[in-house]
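Observations on the model geometry
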Amino acid sequence: ALMITDECINCDVCEPECPNGAISPGEEIYVIDSNLCTECVGHYDEPQCQQVCPVDCIPLDPGHCETHDELMEKYRIITAA
Ligand code: SF4
Ligand code: SF4
């Protein structure tokens, strides 16, 4: 999964781009639900939020490192629900 750092300026351009609905406005900055973020695996070749973020504040979440296979499995579970 990816994460949003405190450099987020709350511009809201990433939220509508997420195919999994994983991004939402948090208490202070936007947040990514790691249970829903597939790093866009299953939908796109590149993480869509990273493509649009004007301040480049959406890195990989070191607390949620996943393989491509694990991300694909997450995608399957989300889309089957
Ligand atoms: Fe959503 Fe893709 Fe960004 Fe994850 S990488 S939060 S799935 S847009
Ligand atoms: Fe924050 Fe970047 Fe999303 Fe804008 S695009 S809300 S700066 S994470």
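Here is what the cut-offs are and how they apply
Residues numbered from 1 in each chain as written. Chains lettered and ligands numbered in written order. Predicted model: local features only at pLDDT ≥ 70, side-chain atom pairs only at ≥ 80, totals over all residues. Heavy atoms only, no water. Helix = DSSP H or I, 4+ residues; strand = E, 2+ residues; numbered from the N terminus. Rg over C-alpha atoms; globule rule 2.2 N^0.38 Å. Contact = heavy atoms within 4.5 Å. Near = heavy atom within 4 Å. 1 Å grid on protein atoms, 1.4 Å probe; cavity = no way out; pocket = protein on both sides within 12 Å on 5 of 7 lines; lining within 4 Å. Sits in = over half its atoms within 2 Å of the grid points. Nonpolar A, V, L, I, M, F, W, Y, C, P; charged D, E, K, R; others polar. Salt bridge = Lys/Arg side-chain N within 4 Å of Asp/Glu carboxyl O. Buried < 20%, exposed > 50% of the residue type's maximum accessible area, 1.4 Å probe, protein only.

Of regular secondary structure, the protein chain possesses two helices and two strands. The helix and strand sequence of the protein chain, counted from the amino end, reads β-β-α-α. Rg of the C-alpha trace for the protein chain: 12 Å, near the compact-globule value of 12 Å for 81 residues, within the 12% margin. Here the C-alpha coordinates of the protein chain stretch approximately 30 × 25 × 25 Å along the principal axes. A separation of at least 24 residues holds for 66% of the contacts in the protein chain among residues at least 6 apart in sequence.

This part takes up unusual backbone geometry. Positive phi, normally seen in glycine, also occurs at Cys-40, with a value near 70°. Its place among the elements puts Cys-40 in the loop between strand E2 (30–32) and helix H1 (48–52).

Moving on, we get to the site of ligand 1. Residues in contact with ligand 1, as listed here, are Leu-2, Cys-18, Pro-19, Asn-20, Ile-23, Ile-32, Cys-37, Thr-38, Glu-39, Cys-40, Pro-47 and Cys-49. Most atoms of ligand 1, that is more than half of them, are within 2 Å of grid points of the largest cavity. For the shell around ligand 1, the class distribution of residues is nine nonpolar, two polar and one charged.

By nearness alone, 14 residues border ligand 2, and Cys-8, Cys-11, Asp-12, Cys-14 and Cys-53 come closest of all. The cavity that encloses ligand 2 is the second largest cavity. Tallied by class, the residues present in the shell around ligand 2 amount to twelve nonpolar, one polar and one charged.

This part is about the side chain of Thr-38. Within the fold, Thr-38 resides in the loop between E2 and H1. Among residues more than four places away in sequence, those in contact with Thr-38 are Asn-20, Leu-71, Lys-74, Tyr-75 and Ile-78.

We now examine the pattern of salt bridges. The tally for this structure, following the rule as stated, stands at two salt bridges. The partner of Lys-74 in a salt bridge is Glu-66, and the shortest N-O contact between them spans 2.7 Å. Glu-66 gets classed as partly exposed once you look at its relative accessible area, which sits at 24%. Among the salt bridges present, the one from Glu-73 reaches Arg-76, with a minimum N-O distance of 3.6 Å. In this pair, Glu-73 and Arg-76 both sit in helix H2 (residues 68–80), three residues apart, roughly one turn of the helix.

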